[in-house]
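Chain and residue survey
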Amino acid sequence: MDREVVKISSLKAAPYNPRQISGEALAGLSKSLERWGVVQEVVANKRTGYIVGGHQRVAALKKMGVKEVPVVWVDLDDVEEKALNVALNNPHISGEFDDTIAGLLTEIRDGIGPDDFESLMLDDLLPQGEEVTPLDDMPDLPDGDKEPFQQMTFTLHDEQAEQIKAALQIAKDMGAFEGPNENSNGNALARVCETFLTMRA
Amino acid sequence: MASAKDIHVAPISASNANSFMKKLHYSGKVVPNSQVHIGVFWGDRLEGVMQFGPSLCKKGTIQVVRDTKWHGFIELNRMAFGERLPRNSESRAISVAMRMMRKKYPHLEWVVSFADGAQCGDGTIYRASGFVLTDIRVSDSLRINPDTGQVMHAIAAHHQKRRGEFNKWKALDGYQLRYIYFLNPEAKKRLTVPIIPFSRIDEMGAGMYRGKPKRVKQAMDGGHPSQRQGSTDPHAPITLEANDATG
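If you're wondering where the values come from, they're calculated on a predicted model, not measured in any experiment.

1. Section: the environment of His 107 of chain B
All names here are of chain B. Its location among the elements puts His 107 in the loop between α3 (89–104) and β5 (110–116). The exposure class assigned to His 107 is buried, which follows from its relative accessible area of 18%. Along the primary structure His 107 and Phe 73 are separated by 34 residues, whereas in three dimensions their C-alpha atoms are 8.2 Å apart.

2. Quick word on the sheet that holds strand β9 (residues 170–171) of chain B
In spatial order, the strands read β8-β7-β9 (chain B); together these 3 strands make up an open sheet with antiparallel pairing. Whereas interior strands pair on both sides, the edge strands pair on one side only; in this sheet they are β8 (151–153) and β9 of chain B.

3. Things to note about the sheet that holds strand β1 (residues 2–7) of chain A
All names here are of chain A. Within the open sheet, the 4 strands sit side by side as β1-β4-β2-β3. Their pairing is mixed. One side of each edge strand has no neighbouring strand; the edge strands of this open sheet are β1 and β3 (51–53). Averaged over neighbouring strand pairs, the angle between their axes works out to 45° when direction is ignored. Looking at chain direction, strand β2 (residues 42–45) and strand β4 (residues 68–74) are connected through 4 bridges and run parallel. Pairing of Asn 45 across the sheet is with Val 74, part of β4. The strands touched by helix α3 (residues 78–87) within the sheet are β2, β3 and β4, with β3 carrying the most contacts at an inclination of about 40°.

4. A short note on the layout of surface pockets
Residues and elements named next belong to chain A. Considered as a void within the structure, the largest pocket measures approximately 1000 Å³ in volume. Arg 19, Leu 29, Gln 40, Arg 57 and Asn 89 are, among the 30 residues lining the largest pocket, the residues nearest its centre. Breaking the lining of the largest pocket down by element, the ones donating at least two residues are α1 (23–36), β3 and α2 (55–64). Grouping the constituent residues of the lining of the largest pocket by class yields 14 nonpolar, 13 polar and 3 charged. Residue contributions to the lining of the largest pocket reach at least three from each of two domains, namely domain 1 (2–93) and domain 2 (96–128). Computed from the structure, the second largest pocket encloses a volume of approximately 610 Å³. Along its surface, the second largest pocket is lined by 15 residues, and Gln 150, Met 152, Asn 185, Gly 186 and Leu 189 are the ones closest to its centre.

5. With respect to a nonpolar patch on the surface
On the surface, Met 152, Phe 154, Leu 156, Ile 164 and Leu 189 of chain A cluster together into a nonpolar patch covering about 500 Å² of accessible area. Its relative accessible area of 40% is what places Leu 156 of chain A among the partly exposed residues.

6. Side note on the pairing of strand β4 (residues 73–81) of chain B
All names here are of chain B. Taken across its 9 residues, β4 has 9 buried, putting it largely inside the fold. Bridging between strand β3 (residues 45–53) and β4 involves 6 bridges; their strand directions are antiparallel. Note on β4: the bridge partner recorded for Gln 51 is Arg 78. Where β4 meets β5, 3 bridges bridge the pair, whose relative direction is parallel. Bridging from a neighbouring strand, Phe 73 pairs with Trp 110 of β5.

7. Structural notes on helix α4 (residues 100–112) of chain A
An α-helical segment advances 3.6 residues per turn. Residues three or four places apart therefore align on the same side. Residues and elements named next belong to chain A. For α4, spanning 13 residues, the distance from its first C-alpha to its last is 18 Å, which sits close to the expected 18 Å at 1.5 Å a residue. Considered for burial, the residues of α4 that qualify are Ile 101, Leu 105, Thr 106 and Arg 109. One side of α4 holds all its buried residues, which, seen down the axis, span an arc of 140°. Projecting away from the buried face of α4 at angles above 90 degrees are the exposed residues Thr 100, Glu 107 and Gly 111. For α4, the secondary structure elements touched by its buried residues are α5 (114–119). Within two residues after α4, Gly 113 carries a phi angle of roughly 95°, on the positive side.

8. So, the interface of chain A and chain B
If you look at the interface, chain A gives 29 residues, while chain B gives 33 residues. Of the roughly 3200 Å² buried between chain A and chain B on both sides combined, carbon and sulfur atoms contribute 55%. Ranking the residues of chain A by area buried against chain B places Val 132, Met 138 and Leu 141 of chain A at the top, with a combined share of 21%. In this structure, the connection of chain A to chain B is made through 6 salt bridges. The partner of Asp 137 of chain A in a salt bridge is Lys 104 of chain B, and the shortest N-O contact between them spans 3.1 Å. In this structure, the connection of chain A to chain B is made through 16 residue pairs in polar contact (both at pLDDT 80 or more). Contributions of two or more residues to the side of chain A that touches chain B are made by α4, α5 and β5 (130–131) of chain A. In terms of residue class, the side of chain A that touches chain B is built from 11 nonpolar, 5 polar and 13 charged.

Rules of the game
Residues numbered from 1 in each chain as written. Chains lettered and ligands numbered in written order. Predicted model: local features only at pLDDT ≥ 70, side-chain atom pairs only at ≥ 80, totals over all residues. Heavy atoms only, no water. Helix = DSSP H or I, 4+ residues; strand = E, 2+ residues; numbered from the N terminus. Buried < 20%, exposed > 50% of the residue type's maximum accessible area, 1.4 Å probe, protein only. Pairing = 2+ DSSP bridges. Axes fitted to C-alpha atoms, helices over the stretch in contact; angles between N-to-C directions. Contact = heavy atoms within 4.5 Å. 1 Å grid on protein atoms, 1.4 Å probe; cavity = no way out; pocket = protein on both sides within 12 Å on 5 of 7 lines; lining within 4 Å. Points joined across faces, edges and corners; volume = space filled by probe spheres on them. Nonpolar A, V, L, I, M, F, W, Y, C, P; charged D, E, K, R; others polar. Domains from an automatic or database assignment. Patch = residues over 30% accessible without salt bridge, like charges linked within 9 Å, V, L, I, M, F, W, Y side chains within 5 Å. Areas by Shrake-Rupley, 256 points an atom, 1.4 Å probe, with all protein chains shown as cover. Salt bridge = Lys/Arg side-chain N within 4 Å of Asp/Glu carboxyl O. Expected span 1.5 Å × (residues − 1). Arc of directions from axis to C-beta. Buried area = accessible area lost by both parts, 1.4 Å probe. Polar contact = N/O pair within 3.5 Å; in protein donor to acceptor, adjacent residues only side chain to side chain.

Without other data, these values stay purely geometric and don't point to any function.
Here you go:
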């Protein structure tokens, strides 16, 4: 294969080239070429003069006003040229990123800065969130002050627990409770304490 | 160029929020009593979540703002953002979320949140989002189990009845910083503690980055790119043994 630097205007885009690029992606490619230069030669067929690999790079470089580009020449018939055109961009033979790409991208973004990171469209490689349907409204929350009730917790020896149960039962047997609390154990305990405090007074 | 103005903020279900949080939050855990779940969308994808709920230390925290009613404040207890969101999305998302909270819950006067320097960072995003700093204290609530190397929060130790052994473990080095956002600006006048200048974080050596002390230059530069990492700030590579309480 011959390698040489040629005038970019001498390269012809293959009329059958199936690869397309959006304006946004072309801008990203241009940023990449600005940053790192042409680090991969354009592939072209000496028989037809058509570009085989590198259509987008050539388009970007032309827009950038670049006059010359390194080329590697292949010598292929029509079908082989088309096959190589597709093979050079076949995603099924080019591998794929694994999960470590996220960490690598973070490191790169920190290193080159978010502006360059985005303009190179590296952000599009970051892991994508899931599709989720939002709710129509937020839930209601309690308003105002705390309700005048609370829970208390104690640690008791088994024998103490039995004593308390017995005392609570006696308090309950003394009659119905009055007041806003509907918890019978709480009411019974309060009655026991009230009796105790009265005795102490 | 992607812009934070293009994000969409909307309420989401608890299950969606919890699923997201388990994947992205440094703790891998959720706070079970979270009540309000707000999603941050980029396109049709969920790329960030904020979870609000009652403060775990409600009796103590309520005293920070005098005359606050029992249900008059809420805690932003979990927050995580994906890497795809444009720059400054965190502060934009918080700003929108706070507007939503103010509109839906007029009885809420303020929002409290904690930056966990021992595992995370010192709250860069809070500072960029209009929170005021009200406390910097050495954190001893996260401790390392010497047998497993895993980290446990004091509240988890309490719930698991392991407080005795927990108290013998070594605490993670770091500070916990308490931030408050006033939904009702008038409530700010009732603060019972002084507002601490952000510069105090560095003066105290409390600037934290990924659970390690920051160089002073980094501490207040407000740079966001490496401040995401699925949390309010980057996290240290530590796995939690059980639910923790701070975000």
